[in-house]
Amino acid sequence: MNARLETDVAIVGAGIAGLMAALKLAPLRVTVLCKTALGSGAATGWAQGGIAAALGPDDSPRLHSLDTQRAGAGLSDEKVVDILTRDAPARVEELLELGANFDRSGDGTLALGREAAHNRRRIVRAGGDATGHEILKTLVDAVRAAESIRIVENALAEELLTDGNRVVGLLVRDDTTGSCFALHSRATILATGGIGRLYAFTTNPPQASGDGIAMAARAGAVLADMEFVQFHPTAIDVGRDPMPLATEAIRGEGAVLINDLGERFMQRLHDDAELAPRDVVARGIFNERRVGRSTFLDARLTIGQGFAERFPTAFAACRAAGIDPRIQPIPVAPAAHYHMGGIAVDENGRTSLQGLWACGETSATGMHGANRLASNSLLEAMGYATLVAADVGAHLPEKQAVPSSVTPRLAEPAAPRAIAALRQAMYDHVGIIRDEAGITTALATVNRIARAHPHPPAELRNLLDVAKLIATAALQRPESRGSHYRSDYPYANEAFARRSFTTLSACGVSS
Ligand code: SIN
């Protein structure tokens with residue numbers, strides 16, 4: 001394989017984090033690798049919630065920071081949270097300047113929504129529940145117009161190219177031809193998004209297969225907080241994979257959760273009922289289903305005929321499945337939605353490897369701690385894209401000598417059955433409720449699949465590495481905290497009130 005490209009900065013991922021970083025790096029030569037066509041495949045485009053920012057007259061960055069830290073269950077990094085919440089209004093302003101069209105109140109000011117565990121109205125939205133779509137469209141238009149940015153579509157980054165502890169580029173496969181090329185870069189930024197594909201039930205696009213975490217881990221990077229996976233309580237359960245989302249804002253506007261007996265079961269579980277923290281609601285629904293009940297989101301009384309206009313994305317998903325949420329309850333189940341863990345980064349988004357930065361969901365910044373507050377993910381992605389771009393711009397590494405040729409790995413063809421088995425094992429045993437026996441079973445499944453596929457295709461290889469990291473971290477936290485609930489250790493234990501850090505080799509995987 002001799003084909004090679006050169007760039008100042010390589011960015012892997014074309015969601016909010018990758019595109020925002022690319023825009024902020026101008027006039028440096030930036031190459032953005034996009035796994036699909038630009039504008040599709042990024043979870044950003046599916047975000048129904050919004051961007052949390054203290055913009056209301058009764059709000060302040062301090063209050064936003066305190067809500068964020070409370071959700072983080074003692075593991076949020078206060079300094080990081082303070083920076084991101086302080087700068088949140090500026091990030092919203094930047095999107096407005098790029099042309100984003102956010103929802104406004106009658107007086108022309110931004111309309112601010114409320115979501116669970118936020119003590120103020122501070123959610124900026126677009127098109128009711130189409131915020132992510134509007135943001136992605138805005139950023140795609142801007143990068144298309146930027147001369148310094150080259151977009152390479154249908155490009156799968158398979159491996160980081162390293163020289164000792166320094167990242168010098170990427171091995172990339174062109175998904176349309178199957179051929180590989182080396183992309184040499186002075187700086188590399190991973191912004192590959194989440195890991196939802198690892199779970200049988202997820203709200204994430206199939207592209208969310210933990211590629212950035214897996215590549216960085218194989219290159220020896222330190223990972224953090226891997227055990228913390230957030231499940232969204234109300235994915236629409238109509239047999240689709242991935243599952244469409246019924247945004248939390250629907251509960252924010254008064255919709256209730258009921259079982260097939262018509263009981264509002266959340267009222268017996270938490271004072272805030274449907275607006276309890278996300279992990280509490282997800283567990284509540286999961287437990288109903290475990291005893292054979294069906295679970296529904298009922299918006300008939302509180303939202304009723306206004307549903308189509310207020311939540312057009314969720315409405316369209318319901319209608320496509322033959323459900324009319326104005327007059328019928330919506331079947332819902334919890335689904336993997338967001339990963340708080342990822343590649344450990346410092347306050348500039350630097351990883352433990354020289355020449356490698358990370359931002360967005362693939363990184364672990366410390367903002368979210370053990371549980372993410374709704375609508376803080378787009379904010380964190382923009383905030384860290386900004387910090388990373390500033391740091392890369394100020395400290396762009398010198399061009400490095402690079403290996404003269406790189407040999408692509410030979411891999412088996414796609415392995416859909418192995419992926420399905422892995423996803424089911426992770427959902428059943430390393431999902432909403434975990435215990436030692438279950439996690440051990442999941443790890444045995446991971447090892448069995450790895451043995452059966454000595455040359456796994458790229459997707460399976462990444463999923464196996466991430467599964468091992470998550471399951472091992474879950475086993476090593478014998479307590480319950482935030483999104484990590486261990487039925488064999490159902491309480492938080494102060495002895496474990498700290499973030500977790502690991503590497504792939506610490507999990508017994510040779511890279
Ligand atoms: C939602 O709209 O419920 C999801 C928002 C988020 O996950 O931040």
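Residues numbered from 1 in each chain as written. Predicted model: local features only at pLDDT ≥ 70, side-chain atom pairs only at ≥ 80, totals over all residues. Heavy atoms only, no water.

## Some remarks on the sheet that holds strand S15 (residues 342–344)
Under the convention used in this document: Strand pairing is defined by DSSP finding a minimum of two bridges between the two strands. The numbering of helices and of strands both runs from the N terminus, where a helix is a DSSP run of H or I of at least 4 residues and a strand a run of E of at least 2. Residue contacts are counted whenever heavy atoms from the two residues lie within 4.5 Å of one another. Only the stretch in contact is used when fitting a helix axis, every axis being a line fitted to C-alpha atoms; angles between N-to-C directions are given from 0 to 180 degrees.
Taken in spatial order, the four strands make up an open sheet running S17-S15-S10-S18, and their pairing is mixed. Taken across any chain shown, the strands that pair with only one partner, and hence form the sheet edges, are strand S17 (363–364) and strand S18 (501–502). Bridge count for S15 against S17 is two bridges, and the pairing is parallel. Bridged to Ala344 within S17 is Ala364. In the packing of helix H5 (residues 211–218) onto the sheet, the strands contacted are strand S10 (223–224) and S15, and the crossing angle to S15 comes to about 45 degrees.

## Observations regarding the pattern of salt bridges
Stated precisely, the cut-off is as follows: Basic side-chain nitrogens of Lys or Arg form a salt bridge, by our definition, when they fall within 4 Å of a carboxyl oxygen of Asp or Glu. Here's how the labels work: a residue is buried when its accessible area is under 20% of the maximum for its type, exposed when over 50%, partly exposed in between, all with a 1.4 Å probe on protein chains only.
Counted under the stated rule, the structure contains 39 salt bridges. Arg278 is the salt-bridge partner of Glu248, the closest N and O atoms lying 2.8 Å from each other. Within this pair, whereas Glu248 is found in helix H6 (residues 248–252), its partner Arg278 is found in helix H7 (residues 278–290), the two being separated by 30 residues in sequence. Of the residues examined, Arg278 reaches a relative accessible area of 9% and is grouped as buried. Within this structure, Glu227, Arg477, Glu479, Arg481 and Glu494 form a network of salt bridges that share partners.

## Overview of the environment of Ala364
With respect to the secondary-structure elements, Ala364 resides in strand S17. With relative accessibility at 0%, the residue Ala364 sits in the buried group. Residues Ala364 and Ser480, spaced 116 residues apart in sequence, show a C-alpha to C-alpha distance of 19 Å. Apart from residues lying up to four places away in sequence, Ala364 is in contact with Ala224, Asp225, Met340, Gly341, Gly342, Ile343, Ala344, Val345 and Arg499.

## Quick look at the packing of helix H1 (residues 16–25) against helix H10 (residues 377–394)
Short version of the rule: The hand of a helix crossing depends on one turn: near helix anticlockwise from the far one by less than a right angle means left-handed, and clockwise means right-handed. Basically, the charged four are Asp, Glu, Lys and Arg, the nonpolar ten are Ala, Val, Leu, Ile, Met, Phe, Trp, Tyr, Cys and Pro, and anything else, Gly included, counts as polar.
With their axes 8 Å apart at the nearest point, H1 and H10 run at an angle of 35 degrees to one another. Judged by the sense of rotation from one axis to the other, the crossing of H1 with H10 is right-handed. Packed against H1, whose contacting residues are Ile16, Ala17, Met20, Ala21, Lys24 and Leu25, the element H10 presents Leu378, Ala381, Met382, Ala385, Thr386, Ala389, Val392 and Gly393 at the interface. Tallied by class, the residues present in the contact of H1 with H10 amount to eleven nonpolar, two polar and one charged.

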